Amino acid sequence: MIEPIVSVSWLTETLEKEPSDVALADVRWYLDGRDGYSAYLDGHLPGAVFIDLDTVLAGPGGPSIGRHPLPEPEVFARGLGRAGIGEDSMVVAYDDAAGMIASRLVWMLRILGRNAALLDGGLDAWTGPLERGAPETRAVAHKAEPWPDNFLAGAENVKQHLADGGLVVDARAAERYRG
């Protein structure tokens, strides 16, 4: 398993040696409503595929479950498969928001035991040329796996944690925290 965060130099060396071993995932999404896919089309790491937060990395939101709950495992697997990311792919994900969005894909893959890392510095750290448009991808099979319970906490877990003297930290932006 690769480290959870990899450098641009590591990525460059790995792409030079074994380019087919790495699946690059552009995971841009913007709270202000800008379109991540349009940003991807305007320039992304060569060969990167776009993974959409709203349709692949999250299920439908709601007042009782929040804006971006985990997707159904079938939705996640189908989205990755359509993007050409197989079960054995080594995924390196990036965004242009200090890893805030791309880290979700990395976490989701790693809790399933998959090989995934965040590109340190994201798109801004990449010094090579960017590719425009969407590369052709070949869809692959990707088996759906349930989310492991030991990595998830429900409301009752949080209540018990607080009752035991634990602390909960909300790392969202202030405007999202305030509702």
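In the block above lies the structure referred to throughout.
Residues numbered from 1 in each chain as written. Predicted model: local features only at pLDDT ≥ 70, side-chain atom pairs only at ≥ 80, totals over all residues. Heavy atoms only, no water.

Q: Got a sec to walk through the pairing of strand 2 (residues 22–26)? Specific residues and values, please.
A: For strand 2, a buried count of five out of five residues is recorded, marking the element as mostly surrounded by other parts of the structure. Here strand 2 shows no split at all, with Val-22, Leu-24 and Asp-26 on one side and Ala-23 and Ala-25 on the other all buried. Alignment of strand 2 against strand 4 (residues 90–94), held across five bridges, turns out to be parallel. Its bridge partner being in strand 4, Ala-23 is matched across the sheet by Val-91. With two bridges connecting them, strand 2 and strand 3 (residues 49–50) associate as parallel partners. Counted as the bridge partner of Ala-25 is Val-49 from strand 3. (Buried < 20%, exposed > 50% of the residue type's maximum accessible area, 1.4 Å probe, protein only. Helix = DSSP H or I, 4+ residues; strand = E, 2+ residues; numbered from the N terminus. Pairing = 2+ DSSP bridges.)

Q: How would you explain the nonpolar core if you had to name every residue and give the values?
A: One broad trend across soluble globular proteins is that nonpolar side chains are buried collectively. Ranked by size, the top nonpolar core spans 26 residues in total, and within it Val-27, Ile-51, Leu-57, Phe-76, Val-91 and Leu-105 carry the most contacts. Counting residues per element, the ones that place at least two in this core are strand 2, helix 3 (73–82), strand 4, helix 4 (102–111) and strand 5 (116–119). Not counting residues within four places of it along the chain, the set of residues in contact with Val-27 comprises Ile-51, Leu-57, Ala-93, Tyr-94, Asp-95, Ile-101, Ala-102 and Leu-105. In terms of nonpolar packing, the next biggest core, distinct from the first, is built from 17 residues, Ile-2, Leu-11, Met-90 and Tyr-94 among them. (Core = buried A, V, L, I, M, F, W, Y, C linked by side-chain atoms within 4.5 Å. Contact = heavy atoms within 4.5 Å.)

Q: Can you break down helix 3 residue by residue, with the values?
A: Three or four residues apart is the spacing at which side chains of an α-helix point the same way, because the helix has 3.6 residues per turn. All of the buried residues in helix 3 are Pro-73, Phe-76, Ala-77, Gly-79, Leu-80 and Gly-81. Structurally, helix 3 contributes buried residues whose contacts are with helix 4. Just downstream of helix 3, Gly-84 is the residue with a positive phi angle, here 85 degrees.

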